[in-house]
Amino acid sequence: MVTILFNFFKNSLMIFAIITFQKVTAQIKAEDFGFRHFQYFIEGDSIDVLVKSKIGDENKKKPIFFSVQGSLGVPLIIHNGKQRVKYSTLEEGLVEDDYHLIIVNKPGIPLISHKDSLSNRGEYYDNKSKKIYPKEYVNKNYLEYYVKRNISVIELLLKENWVDSSKIIVSGHSQGSGIAAKMADNLSKITHLIYSSGLPYYSTILAMLHKERMMEEDEENPYVEKTIDYWKNVVKNPYQINNEDGWDSNMTMYSFSKSQNELLKRLKIPILISYGTKDESSPYQDLFRIETINEGSENIEFKVYVGLDHNYQFKSEKIDSNKKTDYLKTVIGEWLKWLKEN
């Protein structure tokens, strides 16, 4: 009888613990991490928008700093049950003195996720073992969708009394740089563009090929030709939506591989192009820099960070090849200085 009662209470406690854990997890919200959470409904889409402001300045009239995410279906808030374990943008915690930071969640991706439910890179999958993205994410993960959605969000934010519409900064990092540039081309209200670790020439596909070439030694890397064959298929079917074998859809690859050098050159607003010399895009950024000098572009400025990689980190092979030093504070500080001067 004692044994039966013990097992009953033991099982009851386990069930109670599971229910309690689920309840605590469900209670985690964006406000717990210093954000204001806005949910907009645009053309049938439910869009989660996070706003990070300096404490006490939530209702103070300031310009917005719209930060566009790079690639991958990563939730904006990743936690371990108690605290965040990863920031969602480069600028978070560094620009809020002067601006309201704006971040928009990816379609079909949860706004908030526990780190254990995600891949090692922080990606959210419907099927983690097979790496299958949510259908909504696959269907909408292309440049034109993000541009249209983000512009709609900006238009809605401009109705808020705490937004100073005289200055609108859009910053895009990596794949997000292409979205940011296209946003600036489509919305005249945007006053400043920061193009970070982007690639003006055939962006995503060229970055893939460059990485493959860097792996070559004395013999040809067979993956280069496989990537070329893949691109041939993309060009034949540029609007096909699929995610077989872990690849992005053709629509994703095609839209993010369009050359943007002419788009950037025709913009008249102040543009800051920022990159590290250890990033795979740096030779092409240098080429674009040469072109802007030859053509006398006066509104485009370059910030080049020697020895830093794609995410502005430094890795010393002499000390520890696995250890990286983060230089984000320095980089974002120079961005802010540029914004004040332009």
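Look above for the structure.
The following refers to the structure shown. (Residues numbered from 1 in each chain as written. Predicted model: local features only at pLDDT ≥ 70, side-chain atom pairs only at ≥ 80, totals over all residues. Heavy atoms only, no water.)

### Side note on empty space enclosed by the protein
Put simply, the rule reads: Of the two site types, the cavity is a set of points on a 1 Å grid over the protein atoms alone where a 1.4 Å probe fits but cannot get out, and the pocket is an open set with protein on both sides within 12 Å along at least five of seven lines, each lined by residues with an atom within 4 Å of a point. Grid points are joined across faces, edges and corners, and a volume is the space filled by probe spheres set on the points. To qualify as a helix, a DSSP run of H or I must reach at least 4 residues; to qualify as a strand, a run of E must reach at least 2; elements of each kind are numbered from the N terminus. Asp, Glu, Lys and Arg are counted as charged, while Ala, Val, Leu, Ile, Met, Phe, Trp, Tyr, Cys and Pro are counted as nonpolar; the rest, among them Gly, fall into the polar class.
As enumerated under the stated definition, the model contains three cavities of 30 Å³ or more in all. Reported here for the largest cavity is a volume of approximately 90 Å³. Together, 14 residues line the largest cavity, and Val-68, Gln-69, Lys-106, Arg-149 and Ile-179 are the ones closest to its centre. Of all the secondary-structure elements, those providing two or more residues to the lining of the largest cavity are strand 3 (62-68), helix 3 (143-157) and helix 4 (175-186). When its volume is computed, the second largest cavity comes out at roughly 70 Å³. Lining of the second largest cavity is provided by Leu-143, Ser-174, Gln-175, Ser-177, Gly-178, Tyr-195, Leu-199, Ser-203, Ser-255, Phe-256, Lys-258 and Gln-260. Among the residues forming the lining of the second largest cavity, the class breakdown is four nonpolar, seven polar and one charged.

### A few points about the sheet that holds strand 9 (residues 192-196)
Quick note on the threshold: The pairing criterion is simple: DSSP has to find at least two bridges between the two strands. Interaxial angles span 0 to 180 degrees and are taken between N-to-C directions of axes, which are lines fitted to C-alpha atoms, for helices over the stretch in contact.
Read from one edge of the open sheet, eight strands run 1-2-6-3-8-9-10-11, paired in mixed fashion. Looking at which strands have only one partner, the edges of the open sheet turn out to be strand 1 (35-42) and strand 11 (300-305). Within this sheet the neighbouring strands show an average axis-to-axis angle of 20°, counted without direction. Where strand 10 (residues 271-276) lies against strand 11, six bridges are found, and the strand directions are parallel.

### Focus: the packing of aromatic side chains
Here is the rule we go by: Pairing of aromatic rings covers Phe, Tyr and the six-membered ring of Trp, with a centre-to-centre limit of 6.5 Å; geometry is then stacked below 30 degrees between planes, edge-to-face above 60, and tilted otherwise. Placement of a charge over a ring requires the Lys NZ or Arg CZ to be within 6 Å of the ring centre, with the centre-to-atom vector within 35 degrees of the ring normal.
Summed over the entire model, instances satisfying the criterion amount to 14 aromatic pairs. Where Tyr-239 meets Tyr-254, the ring centres are 6.1 Å apart and the plane angle is 75°; that geometry is what we call edge-to-face. Of this pair, Tyr-239 sits in the loop between helix 6 (222-236) and helix 7 (250-255) while Tyr-254 sits in helix 7, and the two are 15 residues apart along the sequence. Through a chain of ring-to-ring contacts, the aromatic side chains of Tyr-142, Tyr-145, Tyr-146 and Phe-256 assemble into a single cluster. Cation over ring: Arg-36 sits above Trp-162, and NZ or CZ is 4.3 Å from the ring centre.

### Looking at unusual backbone geometry
Rules: Throughout, exposure labels follow a simple rule: accessible area from a 1.4 Å probe, protein chains only, divided by the maximum for the residue type, with under 20% read as buried, over 50% as exposed, and the rest as partly exposed.
Positive phi outside glycine occurs at Leu-72, with the angle close to 85°. With respect to the helices and strands, the residue Leu-72 is situated in the loop between strand 3 and strand 4 (77-79). The phi dihedral of Ser-197 falls on the positive side, at around 50°, and the residue is not glycine. Since its relative accessible area comes to 2%, Ser-197 is described here as buried.

### A closer look at the environment of Leu-308
Spelled out, the test is: Any two residues having at least one pair of non-hydrogen atoms within 4.5 Å are treated as being in contact.
Inspection of the secondary structure puts Leu-308 in the loop between strand 11 and strand 12 (313-315). Counting along the chain gives 31 residues from Leu-308 to Thr-277, while the straight-line C-alpha distance between them is 6.0 Å. Non-local contacts of Leu-308, meaning those with residues more than four positions away in its chain, are made with Gly-276, Thr-277, Lys-278, Asp-279, Gln-313, Phe-314, Tyr-327 and Val-331.

### Points about the environment of Asp-279
The following threshold applies: Pairs of N or O atoms within 3.5 Å make up the polar contacts considered here, provided that, within protein, one atom can donate a hydrogen while the other can accept it, and that residues adjacent in sequence are counted only when both atoms are side-chain atoms.
Inspection of the secondary structure puts Asp-279 in the loop between strand 10 and helix 9 (282-294). For Asp-279, a relative accessible area of 3% corresponds to the buried category. Taking the C-alpha atoms as reference points, Asp-279 and Tyr-312, separated by 33 residues in sequence, lie 8.7 Å from one another. Dropping the residues within four chain positions of it, Asp-279 is found in contact with Ser-197, Leu-308, Asp-309 and His-310. Within the structure, Asp-279 has its side chain in polar contact with the side chain of Ser-281 (distance 2.8 Å). Here His-310 takes part through its side chain, which lies 3.0 Å from a polar atom of the side chain of Asp-279.

### Here we look at the side chain of Lys-52
Relative to the elements of secondary structure, Lys-52 occurs in strand 2 (residues 45-52). Residue Lys-52 is classed as buried on the basis of its relative accessible area of 14%. Within the structure, the side chain of Lys-52 is placed 2.9 Å from the side chain of Glu-92, a separation counted as a polar contact. Non-local contacts of Lys-52, meaning those with residues more than four positions away in its chain, are made with Phe-33, Gly-34, Phe-35, Glu-92, Glu-96, Tyr-99, His-100 and Leu-101.

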